[in-house]
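Coordinates in review
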Amino acid sequence: MKKVNKKNRFLLIKLPICIFLILLIFEILAYLLSDFRAIRHGLDKKVNYIENYNNNSFNNILLFGDSVTKDIADEYNIYRKKYGIINMTTNRASGFIGAFLLYKKYIKKNKPPKYLVVSSTPHFITFFPEHKTKELYLTTVFNSKDEINFIAKYYDKKEYSFFQNLKHKIKSIDLSILNIENNIIYPLVNISALVNTIDSLSIGKQSIVEVKKSDLNYKKNHNKIIIKKYKYSPIVISPYNEKLIEDFFRRLKYDDVKLFISWAPIREDYFHYLSSNNQLNMLENMLKKKATEINLDLSFHNFSYPKPFPNQAFRDRNHLKLGYWRDYYAFLLRNYIENKVF
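This is a predicted model, so every value here is computed, not measured.

Take the overall build of the chain next. What the chain contains, in helices and strands, is 14 helices and five strands. Residue burial in the chain is summarised as follows: out of 342 residues, 44% are buried. In the form shown here, the chain has an accessible surface area of approximately 19400 Å², with 56% of it arising from carbon and sulfur atoms.

As a further point, take the nonpolar core. Counting residues in hydrophobic clusters, the biggest one holds 53 residues, and the most contacted among them are I97 and L287. Once you skip the residues sitting within four places of it in the chain, L287 turns out to touch I125, I245, F249, I261, W263, L298 and F300. Residues I203, A264, F331 and Y336 belong to the second largest nonpolar core, which totals 31 residues.

To continue, consider the sheet that holds strand β1 (residues 61-64). Read from one edge of the open sheet, five strands run β2-β1-β3-β4-β5, paired in parallel fashion. Every other strand in the sheet has two partners, leaving β2 (85-87) and β5 (298-302) as the edge strands with one partner each. Looking at each pair of strands side by side, their axes are set apart by 20 degrees on average, direction ignored. Bridge count between β1 and β2: three bridges; the pairing is parallel. Note on β2: the bridge partner recorded for L62 is I86. Strands β4 (258-263) and β5 of the sheet are contacted by helix α13 (residues 279-294), whose axis makes an angle of about 165 degrees with β5.

Here we take up helix α7 (residues 145-152). Every α-helical turn comprises 3.6 residues, leaving residues that sit three or four positions apart pointing alike. Three or more residues of α7 are buried, namely E147, F150 and I151. For α7, the angular spread of the buried residues around the axis is 95 degrees, confining them to a single face. Turned more than 90 degrees from where α7 packs its buried face, K145 and D146 sit exposed. Next to the buried residues of α7 lie α4 (95-109) and α6 (131-139).

Bringing the pairing of strand β3 (residues 115-120) into the picture now. Counted residue by residue, β3 has six buried out of six residues, so it is predominantly covered. Residue alternation in β3 divides its side chains into two sets, Y115, V117 and S119 and L116, V118 and S120, and both sets are buried. With four bridges joining them, β1 and β3 adopt parallel strand pairing. Directly across from L63, in β3, lies its bridge partner V117. In this structure, β3 lies alongside β4, joined through six bridges in parallel fashion. Bridging across to β4, L116 finds its partner in L259.

Time to look at the packing of aromatic side chains. Applying the stated criterion across every chain, the model contains 19 aromatic pairs. Between F303 and Y329, the aromatic rings sit 5.4 Å apart at their centres with planes inclined by 75 degrees, giving edge-to-face as the arrangement. Placement of the pair is F303 in the loop between β5 and α14 (324-341) and Y329 in helix α14, with a sequence separation of 26 residues. The ring of F127 has R92 lying over it, and the distance from NZ or CZ to the ring centre is 5.3 Å. It is K134 that lies over the ring of Y155; its NZ or CZ is 3.8 Å from the centre.

Next up on the list: the pattern of salt bridges. For the structure on display, the rule yields 13 salt bridges. For the salt bridge of K290 with E242, the shortest nitrogen-to-oxygen distance reads 3.5 Å. With K290 in helix α13 and E242 in helix α11 (residues 239-254), this residue pair connects regions lying 48 residues apart in the sequence. According to the relative accessible area criterion, E242 is partly exposed, its value standing at 30%. Across the pair R267 and D269 runs a salt bridge whose closest N-O atoms are separated by 3.4 Å.

The rules behind these values
- Residues numbered from 1 in each chain as written.
- Predicted model: local features only at pLDDT ≥ 70, side-chain atom pairs only at ≥ 80, totals over all residues.
- Heavy atoms only, no water.
- Helix = DSSP H or I, 4+ residues; strand = E, 2+ residues; numbered from the N terminus.
- Buried < 20%, exposed > 50% of the residue type's maximum accessible area, 1.4 Å probe, protein only.
- Areas by Shrake-Rupley, 256 points an atom, 1.4 Å probe, with all protein chains shown as cover.
- Core = buried A, V, L, I, M, F, W, Y, C linked by side-chain atoms within 4.5 Å.
- Contact = heavy atoms within 4.5 Å.
- Pairing = 2+ DSSP bridges.
- Axes fitted to C-alpha atoms, helices over the stretch in contact; angles between N-to-C directions.
- Arc of directions from axis to C-beta.
- Phe/Tyr/Trp six-rings, centres within 6.5 Å; stacked < 30°, edge-to-face > 60°.
- Lys NZ or Arg CZ within 6 Å of the ring centre and 35° of its normal.
- Salt bridge = Lys/Arg side-chain N within 4 Å of Asp/Glu carboxyl O.

These results come straight from atomic positions and should not be treated as a statement about function.
Now the structure itself:
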């Protein structure tokens, strides 16, 4: 009987108390670290800086874009004039909805810019993150109540069965021990100053080399190599996508911001794919229509037109090779911003 009593005492009293104390310790840790954002990627860095450091500054240009342009903006000095430029480039994973949220967060503490430049591949405009990508790049980054409600406007409200609802409710229990990385480990990295966020909105410092067209022709025909082929998906514009673009455009009009959309360099085969089935024209026409309805000042540019970047200029499906080709895009982007935008 004594053995049974000891066993019952352990299972019914000691074990629950131990579990409770462990949970309590993690909750206390998470609470103490709650003012420190999880820093996992570049978007976290930018949001962290905006929330903690920027205060009522004025910058002439906000530069948005996906990782093709981020590669350039993080490394090269693409703007030599005295008026400020803010590097808002992220990657496609957060999509245009992430760009809108980042803009909204920025202007809460800063004056609206005079110009907003989006330099990206076309899919950045139409991409909506889902599942784990949505969690990592949207809902855990823009996680205030207002931001969560804002994000929900652009996603279908799914109907679940009883068991799916139960599973969803269990999953939504926000115990810190169930998400140690985001609630404890990453904030600890932030508070320990192991990740630098101070220059997260700054453009790079590397000087840009003046590139000649003759250099481009030489590089295009130099060292013939086997080029990997990729399959491309069509550009799809959903009703939610149109609604998001319309809302973003209205906000820019309200803030009296001029919008410039430039299509970043894309592979030659992708350029011909978009041209042959009129995909890019369809997207541009939709954007122009929305801008006209709202009376927003919108301009377009295409870095791949009339002469697309050769396939061998890219190290993978989207990104330019280090060295000459990134130098060349940096050269074009700087000239575009300084001569066409400002």
